[in-house]
Amino acid sequence: MSKTKRTPAGDALTGLILDLFRANGLLLTAGDRLVASLGLTSARWQILGAIVDAERPEPVAWLARNLGANRQNVQRIVNDLERDGLVVFETNPHHRRAQLVVLTDKGRQVYDAAGRLQVPWVNGLADGLSVKEIEIAHRLIGALRDRLEDPGED
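Residues numbered from 1 in each chain as written. Predicted model: local features only at pLDDT ≥ 70, side-chain atom pairs only at ≥ 80, totals over all residues. Heavy atoms only, no water.

Enquirer: Account for the overall build of the protein, naming residues and giving values.
Expert: Looking only at helices and strands, the protein has six helices and three strands in total. N-terminal to C-terminal, the α/β element order of the protein is α-α-β-α-α-β-β-α-α. Taking 2.2 N^0.38 as the reference for a compact globule, 154 residues should give roughly 15 Å; the C-alpha atoms of the protein span a radius of gyration of 19 Å, well beyond that estimate. Along the first, second and third principal axes, the C-alpha atoms of the protein reach 55 × 40 × 25 Å. Looking at the protein residue by residue over its 154 residues, the buried ones come to 25%. (Helix = DSSP H or I, 4+ residues; strand = E, 2+ residues; numbered from the N terminus. Rg over C-alpha atoms; globule rule 2.2 N^0.38 Å. Buried < 20%, exposed > 50% of the residue type's maximum accessible area, 1.4 Å probe, protein only.)

Here it is in structure tokens:
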């Protein structure tokens, strides 16, 4: 029985992936703490951001796709956001059942307040890191994301 070994790059990438998993957990916990006073969690904040970033109102399935998330999980969170008055559902002229998710004025205010809390936090987190280092990491993570979204013939 032959044992497949990782290449040096595969070994290095495995270490990076494990660090990304840990960093993701820490970022979610920090985000939860940062926006808890606003009645948000990291997940709610992320979905509000996806709604804000969209060029036009989108259905839950599109928001989930844009986030790389499970539609059912996004639906559950959007339902909670609606219950709290942060979003409303509007009729989708292109699809009878897939309603559009629209940010309310209250949702915009909460999202903007979260952004104001994020600024000093992220500036502190970035302290001592060079913009060049951050841009290199951003490009690397973007390349990994692209490969994962379109795995090709693997």
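Enquirer: Describe the packing of helix 2 (residues 42-53) against helix 5 (residues 105-126), naming the residues involved and giving the relevant values.
Expert: For the pair helix 2 and helix 5, the least separation of the axes is 10 Å and the interaxial angle reads 110°. As far as their axial angle goes, helix 5 and helix 2 are roughly perpendicular. For helix 2 against helix 5, the interelement crossing comes out left-handed. On helix 5, the residues that touch W45, L48, G49 and V52 of helix 2 are R108, Y111, A114 and Q118. (Axes fitted to C-alpha atoms, helices over the stretch in contact; angles between N-to-C directions. Parallel < 35°, antiparallel > 145°, perpendicular 65-115°, else oblique. Left-handed = near helix turned anticlockwise from the far one by under 90°. Contact = heavy atoms within 4.5 Å.)

Enquirer: Describe the environment of I51, naming the residues involved and giving the relevant values.
Expert: Tracing the backbone through its elements, the reader meets I51 in helix 2. Look at I51 and you get buried, because its relative accessible area is 10%. As a C-alpha pair, I51 and V102 span 51 residues in sequence and 7.2 Å in three-dimensional space.

Enquirer: Kindly report on the environment of T41, identifying the contributing residues and their values.
Expert: Tracing the backbone through its elements, the reader meets T41 in the loop between helix 1 (8-35) and helix 2. With sequence-adjacent residues up to four places away left out, T41 is seen in contact with D32 and V35. Within polar-contact distance, the side chain of T41 engages the backbone nitrogen of R44 at 3.1 Å. (Polar contact = N/O pair within 3.5 Å; in protein donor to acceptor, adjacent residues only side chain to side chain.)

Enquirer: I'd like a description of the environment of A69, backed by residues and values.
Expert: For A69, the position within the fold is in the loop between helix 3 (60-67) and helix 4 (71-83). According to the relative accessible area criterion, A69 is partly exposed, its value standing at 38%. Sequence-wise, A69 and E82 are 13 residues apart; in three dimensions their C-alpha atoms are separated by 19 Å. When near neighbours in sequence (up to four residues on either side) are disregarded, A69 contacts A64 and V74.

Enquirer: Before we move on, can you summarise the layout of surface pockets with the specific residues and values?
Expert: What the largest pocket holds in volume is close to 2,200 Å³. Taken together, 49 residues make up the lining of the largest pocket; nearest its centre are N24, L27, L28, Q46 and I141. Looking at the lining of the largest pocket, the elements that each hand over two or more residues are helix 1, helix 2, helix 3, helix 4, helix 5 and helix 6 (131-149). Ranked by residues supplied to the lining of the largest pocket, first place goes to helix 1 with 12 residues. For the lining of the largest pocket, the class distribution of residues is 30 nonpolar, 12 polar and seven charged. (1 Å grid on protein atoms, 1.4 Å probe; cavity = no way out; pocket = protein on both sides within 12 Å on 5 of 7 lines; lining within 4 Å. Points joined across faces, edges and corners; volume = space filled by probe spheres on them. Nonpolar A, V, L, I, M, F, W, Y, C, P; charged D, E, K, R; others polar.)

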